[in-house]
Amino acid sequence: MDTLDPKPSSPRMDEFVIVHNFDAGGALIAGPVAEPSWAWKSYALIDLRAKRTLETDKGLPEAIKENLLIAGDQYQISYDDGWLFGELPDLQHEHYGDARKLGYFRFALNDRLFISGRRHPLQSVDDVRQYILHDKIKLETPLDLFNAIFRRFLELLKAEIAKLSETLDSIEDHIVGENWQGERERLVPVRRQIVLFHRYLTAATSLFRHIDHADRRAFPENLDDLIEGLSRRAETLHAEGEQLQQRARLLQDELMAKLTNQSNQFLYILSIMTAVLLPTTVISGLFGMNTGGLPFLESPHGFWIVAFVALFISVMVYLFVRKIGGSRS
């Protein structure tokens, strides 16, 4: 997706907390407002001011503060006393980090408030923010924002999987054809990327398993339906990643079989050449000894007689080796 330029009235990205207010229709409210329908507060957790603000916020439960400020990182999601909170996986922003690495997006939401925190710029979060700033989506509740961010993350992974699938198609066309040399250099990095993204999909799929059955029974109906839908979507994408990983493994096996066959052919040719030249080597070694009694030493045709004998033996050895090779095949 092309990065959109934010509106002039949008908050600066270097602020330690960014607040977006929304009306009842889900539209972004420009400027301060006394009583918005709901609000999104985004904290830059690498800033000490953001941490102090969260620590001193008396309106937040202690469990929410602990989740947002905990030192370690672990993908998980929980529900307690009307709050859905945890850590979502997200790709790091392509303009500020390695877009192939996962980041951590901490969040907490209830009916009126969505609180998020991150240490690095994240791609899905920024994409959704740009959609909001340019009126491309309407988010009526904090739960809609949660849904939009996680779905955007899955869309990014799906796009990457589609690119890798196209690359595998190209490699497969070359491997089944005659131009398979050099495809190993292309396949190795593709397999590495597939393994990496499959790991991300595994993290996304297992995310909802942290919610036990008691939590699910306590969910409001709309939240339960949303979690179920996102879980199925992640599992479907995870299955696609597993199929892609299996394809890459089969292509590597086929490529290794071709390389092995090529090596065997080279060894077979080398074996034939060795067997054919062995009689000539033995004969030349015998007649090269400076000893008395060598046959044909005084004959004017001695060289040609010995050369003919060596050639004849080499031809017979070659035919014998070919016969053995043909009978074994």
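What this report covers is the structure whose coordinates are included nearby. All residue numbers refer to positions counted from 1 along the written sequence of the respective chain. Whole-chain, interface and lining totals are the exception, using all residues; otherwise, since this is a predicted model, local features are given only for residues with pLDDT of at least 70 and side-chain atom pairs are given and counted only at 80 or more. Note that the side-chain values use all heavy atoms of the structure and ignore hydrogens as well as water.

Here we come to the environment of tryptophan 38. Counting from the N terminus, the helices are the DSSP runs of H or I reaching at least four residues and the strands are the DSSP runs of E reaching at least two. Here tryptophan 38 shows up in strand S3 (residues 38–44). Burial status follows relative accessibility: with a 1.4 Å probe on protein chains alone, a residue under 20% of its type maximum counts as buried, one over 50% as exposed, and anything between as partly exposed. Exposure remark for tryptophan 38: the relative accessible area of 1% places this residue in the buried category. Sequence separation between tryptophan 38 and leucine 251 is 213 residues, and the spatial gap between their C-alpha atoms is 51 Å. Any N or O atom pair separated by 3.5 Å or less is treated as a polar contact, with the protein-specific requirement of one donor-capable and one acceptor-capable atom, and with residues adjacent in sequence counted only for side-chain atom pairs. A distance of 3.2 Å separates a polar atom in the side chain of tryptophan 38 from the backbone oxygen of glutamate 140.

Looking now at helix H2 (residues 62–69). Of all the residues in H2, the buried ones are Ile64, Lys65, Asn67 and Leu68. Seen end-on, H2 carries its buried residues on one side only, within an arc spanning 165 degrees. Among the exposed residues of H2, those oriented more than 90 degrees off its buried face are Glu62 and Glu66. In this structure, the buried side of H2 is in contact with helix H1 (48–55), strand S4 (76–80), strand S5 (83–91), strand S6 (102–109) and strand S7 (113–118). Arc definition: directions from the helix axis to the C-beta atoms. The criterion used for residue contact is that any of the two residues' heavy atoms lie within 4.5 Å.

Along S4, four of the five residues are buried, which leaves the element largely enclosed by surrounding structure. Relative to S5, S4 runs antiparallel, the two being bridged by five bridges. Bridged to tyrosine 79 within S5 is leucine 84. Connecting the antiparallel pair S4 and S5 is a turn made up of two residues, with aspartate 81 showing a positive phi of about 55 degrees. Two strands form a pair only when DSSP identifies at least two bridges running between them.

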